[in-house]
Amino acid sequence: MTQNDVTLLDRILSEEKEQRAPDWKEDDFFLYFCAEHWLKDFALSVDQISDGLVDGSHDLGIDGLWTMVEGRYLTPDFNLALVGERPSLHLTLIQAKNSGGFSEDALTRLCVNLPLLLNVERDEKTLSANTNAKVLERSARFLRAYEELGTRFPLITVDVVYFTRSPGKESGGVRQKATALRKALHDAIGLEVNVAVRFVNAGDLRQLAARRVETTRELRVAEGSMGTEFGDAVVCLVRFDDYFNFITNDEGELIPELFEANVRDYGGETSVNNAIQATLRTQKAEDFWWFNNGVTIVAKDLVPQPKRLIMRDPQIVNGLQTTNELHRYVSDTDDPKQDTRALLVRVVVPSGEEISDRIIRATNNQTALRPGSLRATEKVQKDIEEHLYDEGWYYERRAHYWSNQQMSIDRIVGMTRLAQDLLAFVQLRPHDSLTAADAVLEDQDEYERLFRETHNLEIYSVSLRVSAAIESYLKIRAESTNLLGGTVENWRFHLLAMTSVVLTGSRSPQMRALLSIDWSAVQMEIFNDLFDALQLAFTEALTVRRMADSIESAARNPDVTERALRAAQQIARRH
């Protein structure tokens, strides 16, 4: 994990605290935030989350403690007599530290205290002298369930979760303490218990906060759905009205969470989408699936039932345009049940994320996509989108996503545009910005030079900020000067690279220097000098040196770039 994770997590915490709990102490909100997101699959209420928070004096090193029986929060009046055979009994213990990394001392304290606290024969009088009442009562709930459900052979799980805001991982010494804690809990509770000690740092917590709560959805299918010999997968036909019910909420609106793994957003009234809509509205004599490739869904789990499929955490990874057009068609239909046509649906349960990514790539490669689109689901791309959003930019890692939300055109940045700016500003290759940005997104080595999780995310906003300043300058300059070639395109990236040299004073600027740019030094005089130097380099390439026959070819010539950057070094020395 990197410092970027801490920066982004701090932004999330700051914004949520300001909105949800402005009067809370930061440590208190951090604890609640950790508990809320770790327990989100249990769908606890605010009151139930707060009920398990035990942080305070004499807390034995425990900040939160929750017991679940069959997935339900165990309250004092919970009727355990109604629980059936082999019930699940789940205890979650949380420790959250808003500063510092993972500590051996914290785990040593838990090794001493938890076996005493979770022993059914514990000494209440001795414990109460050094333990706050809330810790005693919440742990007593677990022990009551443990005893009363004992004859029904419960499946017992104990999770000890240690959160920090640090980006670092646990040390070897901390892992040894975790092993000792697991053994101590096994000895205290019983060998049948499943004990896990988990470590959650800043990056893990940020991903946890971004994770959707897994949902279970039902899709009604027509007769004759067919499985395959290659694991959990089903191919089936689905009536329009049944698919509409699957993809919409009670108000008939599309459920956004179903499309998180899709590499693009709805394209609007394109020729392809118009053709899909025309097929839906006019060709009713033939079945729709004859003319359409259908939809691919990946899910965490799949339970086929007669005439229906039960899916856990389904994601529509291909067929977004078809889905949107069908949603539009059914929404405009008075009685969709009268339309008996069907959609072809493939449901696959991948064995891991790698297989899921391959399915996304394969199914989307069958249709034209912009370069880099298949990288849209990568963590680094999501991180960049989140960071740039906080800086006032809308990073369109998924095609049409921000455009569909009618955001300012000047503030929407595509993956190719960002790659162009980075090639010029960071790598000083403005000629490649004009010719090879798409190829860079397809080449793994080139791509990783620009988009890497270890890069400080500020580099992306800084490059856009400088690029925007240069673009504004060129528009103003073009009003009084006839630009060679008549367009700013051939000038912008070279000026961006030259500005990088001037502001860092280096022909090979390092990332740290680019992030430390002194904006007070960016004056119109510098841009004027750079413009004049670039114009001279272009003119000499076209006339004296005969290196190019047009401004377009000159701007794409690496030798012209070299001359422009040498001129920028001289300007840097003057300024």
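A. Main features of the overall build of the protein. A count of helical and extended segments in the protein gives 23 helices and 15 strands. On the principal axes, the C-alpha backbone points of the protein span a range of 95 × 70 × 45 Å. Split into buried and exposed, the 575 residues of the protein put 50% on the buried side. Look at the contacts in the protein between residues 6 or more apart in sequence, and 73% of them connect residues 24 or more apart.

B. Molecular detail of the side chain of Thr499. With respect to the helices and strands, Thr499 occurs in helix α19 (residues 489–504). For Thr499, a relative accessible area of 2% gives the class buried.

C. Spatial organisation of the packing of helix α18 (residues 458–478) against α19. The geometry of α18 relative to α19 is characterised by a closest axis approach of 10 Å and an angle of 125° between their N-to-C directions. Classified by the angle between their axes, α18 and α19 sit oblique to one another. The element α18 and its partner α19 pack so that their crossing is right-handed. On α19, the residues touching Ser463, Val466, Ser467, Ile470, Glu471 and Leu474 of α18 are Trp491, Arg492, Leu495, Leu496 and Thr499. Of the residues belonging to the contact of α18 with α19, the class tally is six nonpolar, three polar and two charged.

D. Layout of the packing of helix α13 (residues 379–390) against α18. Between α13 and α18, the shortest axis-to-axis distance is 9 Å and the interhelical angle comes to 55°. Relative to α18, the element α13 lies oblique. Considering how the two elements wind past one another, α13 and α18 form a crossing that is right-handed. Here Ile384, His387 and Leu388 of α13 come into contact with α18, specifically with Glu458, Tyr460, Ser461 and Leu464. Across the contact of α13 with α18, the residue classes tally to four nonpolar, two polar and one charged.

E. The arrangement of a nonpolar patch on the surface in detail. A cluster of nonpolar side chains, Trp289, Trp290 and Phe291, forms an exposed patch at the surface whose accessible area comes to about 350 Å². Checked against the element boundaries, Phe291 lands in the loop between α10 (271–282) and β9 (295–298).

F. Broad picture of the sheet that holds strand β6 (residues 216–220). Across the sheet, three strands lie side by side as β6-β11-β10; this open sheet has antiparallel pairing. This sheet does not close on itself; its edge strands, each paired only once, are β6 and β10 (301–305). For this sheet the average axis-to-axis angle between neighbouring strands, irrespective of direction, equals 20°. Pairing between β6 and strand β11 (residues 308–312): five bridges, direction antiparallel. Looking across to β11, one finds that Thr216 is bridged to Arg312. Strands in contact with helix α9 (residues 240–247) are β6 and β11; relative to β6, the strand with the most contacts, it is inclined by about 170°.

G. How the structure looks around the environment of Ile156. Relative to the elements of secondary structure, Ile156 occurs in strand β4 (residues 155–164). For the pair Ile156 and Pro115, spaced 41 residues apart in sequence, the C-alpha separation works out to 16 Å. With residues near it in sequence (within four places) discarded, Ile156 still touches Leu89, Phe142, Tyr146, Glu192, Val193 and Asn194.

About the thresholds
Residues numbered from 1 in each chain as written. Predicted model: local features only at pLDDT ≥ 70, side-chain atom pairs only at ≥ 80, totals over all residues. Heavy atoms only, no water. Helix = DSSP H or I, 4+ residues; strand = E, 2+ residues; numbered from the N terminus. Buried < 20%, exposed > 50% of the residue type's maximum accessible area, 1.4 Å probe, protein only. Contact = heavy atoms within 4.5 Å. Axes fitted to C-alpha atoms, helices over the stretch in contact; angles between N-to-C directions. Parallel < 35°, antiparallel > 145°, perpendicular 65-115°, else oblique. Left-handed = near helix turned anticlockwise from the far one by under 90°. Nonpolar A, V, L, I, M, F, W, Y, C, P; charged D, E, K, R; others polar. Patch = residues over 30% accessible without salt bridge, like charges linked within 9 Å, V, L, I, M, F, W, Y side chains within 5 Å. Areas by Shrake-Rupley, 256 points an atom, 1.4 Å probe, with all protein chains shown as cover. Salt bridge = Lys/Arg side-chain N within 4 Å of Asp/Glu carboxyl O. Pairing = 2+ DSSP bridges.

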